[in-house]
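# Per-entry structural report
Now for the letters of each chain:
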Amino acid sequence: LRCCGLDAFPRRPADDAAWDAARQSLGDPMQATEEYDFIIVGAGSAGSVLASRLAAADGPEGRQWRVLLLEEGPTNQTEAVADPDRPPDDKSLWREPLNASWVAGREKRTWGYATGRGLGGTAGVNSMIYMRGSVSEYEAFGWGVEDVLDAFKAL
């Protein structure tokens, strides 16, 4: 985060309260009847790809990994949600905006951005808009285009 000028990732107190309520409603996690090799929280773009790749891969002794993918948002979105000309009206698909603040030179900047809920996360409500970023951003992390291009093509 410091590379972006952020001291800490923005947090929402309501999220902490929601996690606490969910944890209490689930009861004692040690009494769960299912076991998983991986539990992925968030079925956004990254979580969905990760869960898919893990579930398709063989684990120890050639058995498939058992993967649990958790998502707080709705699972019944229609394709009409992905309208490139306007964001969805359904407020249940959006989370309260996060506000990130950073300093650029002597100027303090703040950017508020809303994130999507449900399968696909923010990509599911912003018409799957996808960008690779600029070459200079990757170079700042010590990566060349050739280092990340294969990963983008695999998506």
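Residues numbered from 1 in each chain as written. Predicted model: local features only at pLDDT ≥ 70, side-chain atom pairs only at ≥ 80, totals over all residues. Heavy atoms only, no water.

The next thing to look at is the overall build of the chain. For the chain, the helix and strand inventory stands at five helices and four strands. The order of helices and strands in the chain, counted from the N terminus, is α-β-α-β-β-β-α-α-α. Classification of the 155 residues of the chain by burial places 21% in the buried group. Long-range pairs, those at least 24 residues apart, make up 55% of the contacts in the chain between residues at least 6 apart in sequence. (Helix = DSSP H or I, 4+ residues; strand = E, 2+ residues; numbered from the N terminus. Buried < 20%, exposed > 50% of the residue type's maximum accessible area, 1.4 Å probe, protein only. Contact = heavy atoms within 4.5 Å.)

Confidence in the prediction of the chain, expressed as mean pLDDT, is 76, and 71% of residues score 70 or more. Helix 1 (residues 13-26) is the least confidently modelled element of the chain, averaging 71 in pLDDT, while strand 1 (residues 38-41) averages 92, the highest of any element. (pLDDT = per-residue confidence, 0-100.)

So, on to the pattern of salt bridges. Tallied over the entire structure, the rule returns two salt bridges. Here arginine 63 and aspartate 37 are joined by a salt bridge, their closest N and O atoms 3.1 Å apart. You can see arginine 63 sitting in the loop between helix 2 (45-56) and strand 2 (67-70) and its partner aspartate 37 sitting in the loop between helix 1 and strand 1, a full 26 residues away along the chain. Since its relative accessible area comes to 38%, arginine 63 is described here as partly exposed. Overall, aspartate 37 belongs to the partly exposed group, its relative accessible area being 31%. (Salt bridge = Lys/Arg side-chain N within 4 Å of Asp/Glu carboxyl O.)

On to the pairing of strand 2, then. Pairing of strand 1 with strand 2 involves four bridges; the strand directions are parallel. Bridged to isoleucine 40 within strand 2 is leucine 69. Running through helix 2, the crossover from strand 1 to the neighbouring parallel element strand 2 is right-handed. (Pairing = 2+ DSSP bridges. Right-handed = clockwise from strand over helix to strand, strands pointing away.)

Our next topic: the environment of glutamate 137. Looking at the element boundaries, glutamate 137 is found in helix 4 (residues 135-140). At a separation of 3.0 Å, a polar atom in the side chain of glutamate 137 contacts the main-chain amide nitrogen of serine 134. (Polar contact = N/O pair within 3.5 Å; in protein donor to acceptor, adjacent residues only side chain to side chain.)

What follows concerns a nonpolar patch on the surface. On the surface, Tyr36, Ile39, Val41 and Leu70 cluster together to form a nonpolar patch covering roughly 360 Å² of accessible area. Topologically, isoleucine 39 is positioned in strand 1. Residue isoleucine 39 is classed as exposed on the basis of its relative accessible area, which comes to 53%. (Patch = residues over 30% accessible without salt bridge, like charges linked within 9 Å, V, L, I, M, F, W, Y side chains within 5 Å. Areas by Shrake-Rupley, 256 points an atom, 1.4 Å probe, with all protein chains shown as cover.)

What follows covers the packing of aromatic side chains. Here the structure, examined in full by the defined rule, presents four aromatic pairs. A ring pair is formed by tyrosine 138 and phenylalanine 152, whose centres lie 6.0 Å apart and whose planes are at 75°; its orientation type is edge-to-face. Note that tyrosine 138 is positioned in helix 4 and phenylalanine 152 in helix 5 (residues 145-154), a separation of 14 residues in sequence. Residue classification places tyrosine 138 among the buried positions, given a relative accessible area of 16%. (Phe/Tyr/Trp six-rings, centres within 6.5 Å; stacked < 30°, edge-to-face > 60°.)

What follows concerns the pairing of strand 3 (residues 98-104). Of the strand pairs in this sheet, strand 3 and strand 4 (residues 107-113) are connected by seven bridges, and their pairing is antiparallel. In the sheet register, serine 101 faces strand 4, and the bridge partner there is threonine 110. Turn length for the strand 3-strand 4 hairpin, with the two strands adjacent in sequence and antiparallel, is two residues, and the turn residue glycine 105 shows positive phi of about 70°.

Once that is clear, we can look at unusual backbone geometry. Across the chain, the bulk of peptide bonds are trans and the bulk of non-glycine residues have phi less than zero. In this structure, glutamate 61 is a non-glycine residue whose phi angle is positive, near 55°. Within the secondary structure, glutamate 61 is located in the loop between helix 2 and strand 2.

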